[in-house]
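Analysis of the macromolecular model
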Amino acid sequence: QVQLVESGGGSVQAGGSLRLSCLVSGLPFSTSVMGWFRQAAGKEREFVASINWNGGRTDYADSVKGRFTISRDNFKNTVYLQVTSLKPEDAAVYYCAARRSIWGRYVSISEYHYWGQGTQVTVSS
């Protein structure tokens, strides 16, 4: 059974930072593209960042470039999202997702095969 379990969310003030983690089990993590998405209240889920199997390629939404960093540890089956300089508009439930591919640019919800349950990030101004 494939499981993606996010953690690290919380409530921070604008300008603050968090490190989100996603622990993956039940699938070959080291040969999977991993992504982070987010969904704010009343809005559609949107792409945040993705990383290829060895970290050699990362992609980011324009809204988070320079502030968020995606990384992975294939020995720990974990993908991370370091979020810094948080803004109120970054508040959302952040979801981890996995795709059974090793390389490529995947930014659509439909391109991912597995999802976590999400972790809440709240940003106060």
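I will try to describe carefully the structure that is included in this document. (Residues numbered from 1 in each chain as written. Predicted model: local features only at pLDDT ≥ 70, side-chain atom pairs only at ≥ 80, totals over all residues. Heavy atoms only, no water.)

**A few points about the nonpolar core**
Counting 34 residues, the largest nonpolar core has M34, W36, V79, L81 and Y94 as the members making the most contacts within it. Contributing elements (two or more residues each) for this core: β3 (18-25), β4 (33-39), β5 (46-51), β7 (68-73), β8 (78-83), β9 (92-99) and β11 (119-124). Of all the elements, β9 adds the most residues to this core, at 5 residues. Leave out the neighbours within four places in its chain, and Y94 touches E6, L20, W36, F37, R38, V48, F68, L81, G118, T119 and V121. (Core = buried A, V, L, I, M, F, W, Y, C linked by side-chain atoms within 4.5 Å. Buried < 20%, exposed > 50% of the residue type's maximum accessible area, 1.4 Å probe, protein only. Helix = DSSP H or I, 4+ residues; strand = E, 2+ residues; numbered from the N terminus. Contact = heavy atoms within 4.5 Å.)

**A word on the packing of aromatic side chains**
This model, assessed by the stated rule, comprises 4 aromatic pairs. Seen in terms of ring centroids, F37 and F47 are 5.7 Å apart; in terms of plane orientation they differ by 75°. Their pairing is edge-to-face. Of this pair, F37 sits in strand β4 while F47 sits in strand β5, and the two are 10 residues apart along the sequence. By the burial criterion, F37 is buried, and F47 matches it. (Phe/Tyr/Trp six-rings, centres within 6.5 Å; stacked < 30°, edge-to-face > 60°.)

**Digging into the sheet that holds strand β1 (residues 3-7)**
Ordered in space as β1-β3-β8-β7, the 4 strands form an open sheet in which the pairing is antiparallel. With partners counted over all chains shown, the strands left at the sheet margins are β1 and β7, one partner each. Strand-to-strand twist across the sheet, computed as the mean angle between neighbouring axes with direction ignored, equals 15°. Sheet analysis places β3 next to β8, joined by 6 bridges and oriented antiparallel. Note that in β8 the partner of L20 across the bridge is L81. (Pairing = 2+ DSSP bridges. Axes fitted to C-alpha atoms, helices over the stretch in contact; angles between N-to-C directions.)

Spatial relationships are all this shows, so hold off on functional conclusions.
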